[in-house]
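Descriptive analysis of the structure
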Amino acid sequence: MGYFLGIDVGALSTNAVILDVRRKIVGYSIVQTGANSTETAEQTLHKALVMANIDRAKITSTVATGYGRISVPFAEKKVTEISCHALGAYYLYPDTGTVIDIGGQDSKIIRVGDGGKVLDFTMNDKCAAGTGRFLEVMAAKLRVSLDELGDLSLQASQDVRISSVCTVFAESEVVSLVAQNHPTEEIIRGLHRSTVNRMWSMVKILGVHGAATMSGDVAKNRGVVSLLEERLEQPIHVYREPQIVGALGAALLALGQAQIAT
Amino acid sequence: MQGELEASNADFYRVVRRGEYLSPDDFLPLLEEFLAAAKGSAHGGQAVIMSGVLPNPKEILTLLDELGVRIAHDDLLNCSRRLLVPPSRTGDPFDALTESYFAMPPCTTKDSSVSERVDGLVVHSARSCTPYSVGQYDIKRLLMDRLGVPSVVIEADIADSRVFSEEQTRTRLEAFFEAMEV
């Protein structure tokens with residue numbers, strides 16, 4: 001029956017997952033979204049095909065998701081990332097009741113029911129507060145790489161208070177804190193807490209149901225995850241490649257669609 | 001009249017809004033013309049109640065049209081709720097409000113619950129009208145908890161078009177209707 005492709009064209013990264021007919025992940029890829037979504041989608045697909053070691057012709061069905069979902073000409077169907085993250089998270093951790101997705105330019109909380117069905121969701125798609133972009137701006141200001149943020153914040157013995165969740169105002173606060181010679185680790189921890197506070201205000205709207213699963217690039221940041229776990233008072237599932245959860249959900253839909261068709 | 005109009009959501013509310021600034025002499029003939037032209041049967045897509053303030057920009061209505069969703073009823077403060085009989089100014093304001101609701105023109109959907117009438121609720125949260133928008137997330141939660149009716153909040157404004165982001169709103173609405181389909 002071939003293979004099934006899910007492709008998630010996000011604001012910062014484009015991710016692809018290829019599943020075989022037994023729903024096993026045989027290939028995936030993560031590529032920075034360039035200036036042209038269609039070209040990036042092609043590159044992402046190519047990398048995933050190389051990993052899976054299969055020809056493009058073997059792909060039976062494709063579902064696209066993410067903000068750039070309309071720019072994937074080879075997808076037969078386009079589905080929002082909300083449905084896809086819910087399905088992907090449910091597939092990885094069937095006890096998932098709540099998905100917390102912090103993406104590059106927006107963040108969302110999804111309440112998930114049986115079979116990965118979306119019961120409700122809330123999202124911040126208005127500003128960069130509590131998104132990957134917020135942390136990216138702050139990392140640049142503090143001259144550390146995005147990947148280092150998590151480990152550095154875990155070394156802090158206390159955090160300084162960042163009162164603003166707004167990216168622009170928080171950046172000004174960071175400038176002042178740097179001027180006052182506060183240790184970088186403590187500032188980073190304060191920034192993580194600010195992100196978590198923003199997420200918490202969204203979590204409260206829907207409540208936490210069942211196990212929580214985090215997706216999106218920021219889930220790789222252990223500092224953010226541990227503060228969020230503290231706030232939720234429960235552990236959070238994080239897949240080793242949290243960025244591909246949406247693409248995985250899309251691939252599962254592609255497989256489901258092909259099975260209905262036959 | 002319910003289910004007897006073939007008009008799109010955008011066209012329907014465009015006509016309704018004319019009543020806000022035209023004199024009755026000018027408005028009524030236009031309304032009659034519209035009713036005659038739009039006579040037909042409503043398409044069978046998902047039906048929702050729209051709550052809040054009539055959204056401006058109208059792109060929200062166009063988005064719903066593109067998704068094949070029909071506004072079957074509204075609880076918009078500048079549309080249906082204008083039909084309310086002014087509450088009496090004495091006594092308990094909540095009693096007066098209840099009285100007003102019951103004194104409204106007879107509704108063909110009376111005696112049927114929200115969950116029987118529509119598939120869900122689209123709530124427009126108008127940013128510049130904070131006192132009005134307070135409690136909308138509570139309404140959303142209560143509708144789900146008590147009636148099992150899903151709802152989605154979209155954010156725009158009645159005056160400031162910068163508050164509205166079309167693609168983000170499209171994603172919220174699409175996701176909402178995808179979840180209702182499964």
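Further up the page is the structure itself.
To keep things clear, this report deals only with the structure shown in the data block. (Residues numbered from 1 in each chain as written. Chains lettered and ligands numbered in written order. Predicted model: local features only at pLDDT ≥ 70, side-chain atom pairs only at ≥ 80, totals over all residues. Heavy atoms only, no water.)

Each side of the interface is counted separately: chain A has 19 residues, and chain B has 20 residues. Of the roughly 1600 Å² buried between chain A and chain B on both sides combined, carbon and sulfur atoms contribute 50%. Inspection of the chain A/chain B interface yields 2 salt bridges. Residue R69(A) pairs with E174(B) through a salt bridge whose shortest N-O separation is 3.1 Å. Viewed at the interface, chain B and chain A are joined by 7 residue pairs in polar contact (both at pLDDT 80 or more). Looking at the side of chain A that touches chain B, the elements with two or more residues in it are α2 (81-92) and β8 (118-124) of chain A. Among the elements that make up the side of chain A that touches chain B, the one with the highest residue count is β8(A) (6 residues). (Contact = heavy atoms within 4.5 Å. Buried area = accessible area lost by both parts, 1.4 Å probe. Salt bridge = Lys/Arg side-chain N within 4 Å of Asp/Glu carboxyl O. Polar contact = N/O pair within 3.5 Å; in protein donor to acceptor, adjacent residues only side chain to side chain. Helix = DSSP H or I, 4+ residues; strand = E, 2+ residues; numbered from the N terminus.)

Right, let's talk about the sheet that holds strand β4 (residues 59-65) of chain A for a bit. Residues and elements named next belong to chain A. Pairing is mixed in the open sheet, where 5 strands are placed in the order β3-β2-β1-β4-β5. In this open sheet, the two strands that pair with only one neighbour each are β3 (25-32) and β5 (77-78). Two elements, β4 and β5, share 2 bridges in a ladder whose sense is parallel. Each bridged residue has a counterpart across the sheet, and for V63 the counterpart in β5 is K77. Lying on the sheet, helix α8 (residues 245-261) is in contact with β1 (3-9), β2 (13-19), β3, β4 and β5; it crosses β1 at an angle near 140 degrees. (Pairing = 2+ DSSP bridges. Axes fitted to C-alpha atoms, helices over the stretch in contact; angles between N-to-C directions.)

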